[in-house]
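Okay, here's what each chain looks like letter by letter:
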Amino acid sequence: METSKSLPPITRITKFTLIDELQQRSFVIMFVICALCVFLIRGCFQGNYMVNGQALDAATIVRTLSKATFHVIGAGVMVITALLSMRIFRRDRTEGMQACILSKPIARWQYVMGKIIGLWLLSTLFMFTLHSIVFLITSINLKVFMPEYLIASLLCSINLLFVVVAVLLLSLLMPDIVAFLCVLGVGIVGFVGDGIAAAGHSQIAQAIVQQSSGHTQLDVTWWKVMYALWPKLLGVQQLASSLFESESNHGFGPIYPLINVLVYCFILGALLFKRFRNEDIV
């Protein structure tokens, strides 16, 4: 019964957050620019690519270019989501909206939950729309239909939830721009770490590790521990993109990145609710 009573305030705050962000000129400009950039790449989806004198089939072209575009859109929308999230609390506080909302019979956790859901839905819709443009381009230009592409986009929205929760939490502890840069740094370090880990699987790297001393081996172990515990944002994108790869027999592949990011979302979410409960509302 309490759950049913708490849903209407959360729904109203979610709706207000969506409408408020959609009315922001900066959001509209960012969306139009991103949509135009994605639409302009339609010329790359042609069926006349040659490799070693052999023409590639349309399916190979579509899956290769679509995968690259998928990752670029996913990373770009995460940055935009961080920009939208970093100022949400400060703007509500400055405009007096936060005090107005919490002066009503609305709990603080309901307010925070509404903001999280609103920003998450908005950023997911943003990313899904851009991915849908790519889906339509491949379907029309090359007659290759990949409904898995849209499913992968929804799966990748877990990363956006992580960004929303992390930025909202850090924006309560430090200046907005610093919160944005911290989450951006987490993503960059994760992407670089995945690149180093991939390079470490090469035969040359493994030979160097085998010839190294015991002290270096300890460093490698600590690196592996840090790498395993770091937020796997790129891993989630790779897991999602595996849905529309040509080698589809591996299913969803390893799901550890998904579990990793979900655990971070729950932990950071709990810290966010606890921290906001102690905030001074003016």
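Nothing here was measured: the structure is a model prediction, and the numbers come from that model.

Along its length, the chain carries 13 helices and two strands. Out of the 282 residues in the chain, the part that is buried amounts to 42%. Partitioning the contacts of the chain with sequence separation of at least 6, the portion at a separation of at least 24 is 82%. Working note: accessible area of the chain is about 15,200 Å², and carbon and sulfur atoms make up 70% of it.

Each pair of packed helices gets described by two things: the angle between the helix axes and the distance between those axes. Following both chains from N to C, one finds helix α8 (residues 157–171) and helix α13 (residues 256–277) inclined at 30°, their axes separated by 9 Å at the closest point. Accordingly, the angle class assigned to the pair α8 and α13 is roughly parallel. Between α8 and α13 lies a crossing whose hand is left-handed. For the pair α8 and α13, contact is made by I158, N159, L161, F162, V165, A166, L168 and L169 and by L258, V261, L262, Y264, C265, L268, G269, L271, L272 and R275, respectively.

We now examine the confidence of the model for the chain. For the chain, per-residue confidence averages 82 on the pLDDT scale, and residues scoring 70 or more make up 79% of the total. The element-level mean pLDDT for the chain is lowest in helix α10 (residues 203–211), coming to 51, with α8 highest at 95. Note that pLDDT drops below 50 for residues 213–218; the model gives that stretch two contacts with residues more than four away or on any other chain. Long-range and interchain partners of residues 248–253, a stretch whose pLDDT sits below 50, account for seven contacts in this model, where long-range means more than four residues apart.

Time to look at the nonpolar core. Ranked by internal contacts, the top residues of the largest apolar core, which has 64 residues, are F89, Y111, I116, L130, F162, L168 and L272. Once residues lying within four places of it in the same chain are set aside, the contact partners of I116 are L161, V164, V165, L168, L272 and F273.

Our focus in this paragraph is the side chain of S171. Mapped onto the secondary structure, S171 falls in helix α8. The class of S171 is buried, set by a relative accessible area of 13%. When sequence neighbours within four positions are dropped, the list of residues in contact with S171 reads M86, F89, D176 and A179.

Scanning the entire structure with this criterion turns up seven aromatic pairs. With a centroid separation of 5.7 Å and an interplanar angle of 70°, the aromatic rings of F27 and F126 are classed as edge-to-face. With F27 in helix α2 (residues 25–40) and F126 in helix α6 (residues 108–141), the pair connects residues that are 99 residues apart, well separated along the chain. Between Y111 and F276 the ring centres are 5.5 Å apart and the planes differ by 25°, which places this aromatic pair in the stacked class.

The first and last C-alpha atoms of α6 sit 50 Å apart over 34 residues, in line with the 50 Å expected at 1.5 Å per residue. Phi for K143, located one or two positions after α6, is positive at around 55°.

Within the fold, P175 resides in the loop between α8 and α9 (176–200). Spatially, the C-alpha atom of P175 lies 9.5 Å from that of R87, the residues being 88 residues apart in sequence.

What follows is about the pattern of salt bridges. Per the stated rule, a full pass over the model turns up seven salt bridges. A salt bridge links D92 to K115; its shortest N-O distance comes to 2.7 Å. With a gap of 23 residues between them, D92 in helix α4 (residues 88–94) and K115 in helix α6 connect regions that are remote in the sequence. Exposure class is identical for D92 and K115. Each is buried. Here R275 makes a salt bridge to E279, at a shortest N to O gap of 2.7 Å. Of the residues examined, R275 reaches a relative accessible area of 27% and is grouped as partly exposed.

Here the focus is the side chain of H131. Locating H131 in the fold gives a position in helix α6. In this structure H131 comes out as buried when scored by relative accessible area, which is 0%. For H131, the contacting residues outside a window of four places in its chain are F70, I73, G74, Y149, L150 and S153.

Cut-off values and rules
Residues numbered from 1 in each chain as written. Predicted model: local features only at pLDDT ≥ 70, side-chain atom pairs only at ≥ 80, totals over all residues. Heavy atoms only, no water. Helix = DSSP H or I, 4+ residues; strand = E, 2+ residues; numbered from the N terminus. Buried < 20%, exposed > 50% of the residue type's maximum accessible area, 1.4 Å probe, protein only. Contact = heavy atoms within 4.5 Å. Areas by Shrake-Rupley, 256 points an atom, 1.4 Å probe, with all protein chains shown as cover. Axes fitted to C-alpha atoms, helices over the stretch in contact; angles between N-to-C directions. Parallel < 35°, antiparallel > 145°, perpendicular 65-115°, else oblique. Left-handed = near helix turned anticlockwise from the far one by under 90°. pLDDT = per-residue confidence, 0-100. Core = buried A, V, L, I, M, F, W, Y, C linked by side-chain atoms within 4.5 Å. Phe/Tyr/Trp six-rings, centres within 6.5 Å; stacked < 30°, edge-to-face > 60°. Expected span 1.5 Å × (residues − 1). Salt bridge = Lys/Arg side-chain N within 4 Å of Asp/Glu carboxyl O.

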